[in-house]
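# Inside the fold
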Amino acid sequence: MSVFTPLARPELETFLAPYGLGRLLDFQGIAAGSENTNFFISLEQGEFVLTLVERGPVQEMPFFIDLLDVLHQADLPVPYALRTTDGEALRELKGKPALLQPRLAGKHIKQANAQHCAQVGELQAHLHLATQGANMIKRKTDRGLDWMLEEGTQFLSHLGAEPRALLQKALDEITAQKEKVLALPRANIHADLFRDNAMFEGTHLTGLIDFYNACSGPMLYDVAIALNDWCSDDAGQIDGQRARAFLGAYAALRPFTAAEAELWPVMLRVACVRFWLSRLIAAESFAGQDVLIHDPKEFEQRLAQRQAVSVRLPFAL
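Here's a quick rundown of the structure.

About the cut-offs
Residues numbered from 1 in each chain as written. Predicted model: local features only at pLDDT ≥ 70, side-chain atom pairs only at ≥ 80, totals over all residues. Heavy atoms only, no water. Core = buried A, V, L, I, M, F, W, Y, C linked by side-chain atoms within 4.5 Å. Buried < 20%, exposed > 50% of the residue type's maximum accessible area, 1.4 Å probe, protein only. Helix = DSSP H or I, 4+ residues; strand = E, 2+ residues; numbered from the N terminus. Contact = heavy atoms within 4.5 Å. 1 Å grid on protein atoms, 1.4 Å probe; cavity = no way out; pocket = protein on both sides within 12 Å on 5 of 7 lines; lining within 4 Å. Points joined across faces, edges and corners; volume = space filled by probe spheres on them. Nonpolar A, V, L, I, M, F, W, Y, C, P; charged D, E, K, R; others polar. Phe/Tyr/Trp six-rings, centres within 6.5 Å; stacked < 30°, edge-to-face > 60°.

## Let's talk about the nonpolar core
Membership of the largest hydrophobic core comes to 81 residues, with the highest contact counts inside it found for Met148, Phe211, Trp230, Phe246 and Trp264. Broken down by element, this core gets its largest block of residues, 13 residues, from helix α8 (residues 258-285). Ignoring anything within four residues of it in the chain, the contact list for phenylalanine 211 reads Phe64, Leu67, Leu68, Leu71, Val78, Pro79, Leu127 and His190. In terms of nonpolar packing, the next biggest core, distinct from the first, is built from 17 residues, Phe15, Ile41, Leu43 and Leu100 among them.

Structure, rendered in C-alpha cells:
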C-alpha cells in the first residue's frame, strides 16, 4: 500500500477543522499512488482527497496550485486546492506539503477504446490551450532530457546486453535531437496522463487527476506520453484505431506543426525512455517494500517497438 506517511484520526481531524466542512466521517489510504501519499476523506459536506506531497521541494507547490486554478477556471474536470476559512490553500501535515481537493466522480479504466481515447485527446488539447498563453509561473521538470541522459548513462551497467543496447541507442538519439525537441511549441503540461490518472463514468470522461509531474515543456511530449499508454496494445505496439481517434480529437483543437510531425517518432521514444528509467529506479529504490511499483519491462517493450517501427503523425499542418 503506497501510504508513505500514515495518519491517525485525531491529527487528521485537527488538520481538517479549518476548512469548515463538518465532522470527519471516514478516511482511508489510497493504494494506487506510487510517489505521494493520498487519502480518501469523507466529511459531512462531501467527499475529498487529501494529498501529502512526498517528492519535490515545497517551493514548487504554488505552481501546482496556480495550474489547477487556471484549469478549473477553464471549466476542465480537474481537482483544485480547497481553501481554509482563512483562504489558505497550501498547508503542512506531518512535515509534508498538504492539499485538500474535491474528489472527482468516476473510476479508472483498464481497457481503453477509441471513444475513451478521443475524449482524452480532446481534454489534453484543452489543457494545453488553457496554459499555452496563460500568464502563469513555470516549472522545469526534474525528469527532463538532461535527467534521462544522466540517469540512463548510469543505469546502462545495471542492464543485460540487449536492453543496454536498446537504451544506449535511445540516449544517443536524445543527445542528437535535444535542441530540436526543446524548440517545439510549449505550454504547461500534465506529463503523466496515464489511464490511472483519468476518471470515467461509462464512456464519459469525468476527471483528470495527479498533476504532481506537471511542468512547462513541449506539448508534443505530453501527447506522446499519453498516447504510449492509452493507445498501446499488450505487445507494446500502437493500436491504429485508438491512436487516430486520440490524435484526431487533439488536432481538431490544436493542429500539429511541421516540426512536431518531424519529431513525432523521436518523441514517442523519448516518452518511453522517461518512464522506463523512472520505473527501473523505483524498482531498485523500493525493492521489498509495500509500495506500488509499475513494471519497467512494459516501457522497455514499448521502446523496442518504437525503435523498430517509425510512426507517422497524421493531422499535421
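## Structural notes on empty space enclosed by the protein
Taken as a whole, this structure holds 2 cavities of 30 Å³ or more when the rule is applied. Considered as a void within the structure, the largest cavity measures approximately 70 Å³ in volume. Contributing to the lining of the largest cavity are Arg55, Arg139, Thr141, Asp142, Arg143, Ala191, Tyr212, Asn213, Cys215, Tyr221 and Arg274. For the lining of the largest cavity, the residue count by class is 4 nonpolar, 2 polar and 5 charged.

## Structural notes on the packing of aromatic side chains
Counted by the stated rule, this structure contains 9 aromatic pairs. Summarising the aromatic geometry, the rings of phenylalanine 63 and phenylalanine 64 are spaced 5.4 Å apart at their centres and angled 80° between planes, so their arrangement reads as edge-to-face. Judged on exposure class, the residue phenylalanine 63 and its partner phenylalanine 64 are both buried. With centroids separated by 6.0 Å and ring planes inclined at 55°, the aromatic side chains of phenylalanine 200 and tryptophan 230 adopt a geometry described as tilted.

Just geometry here; none of it tells us what the structure is for.
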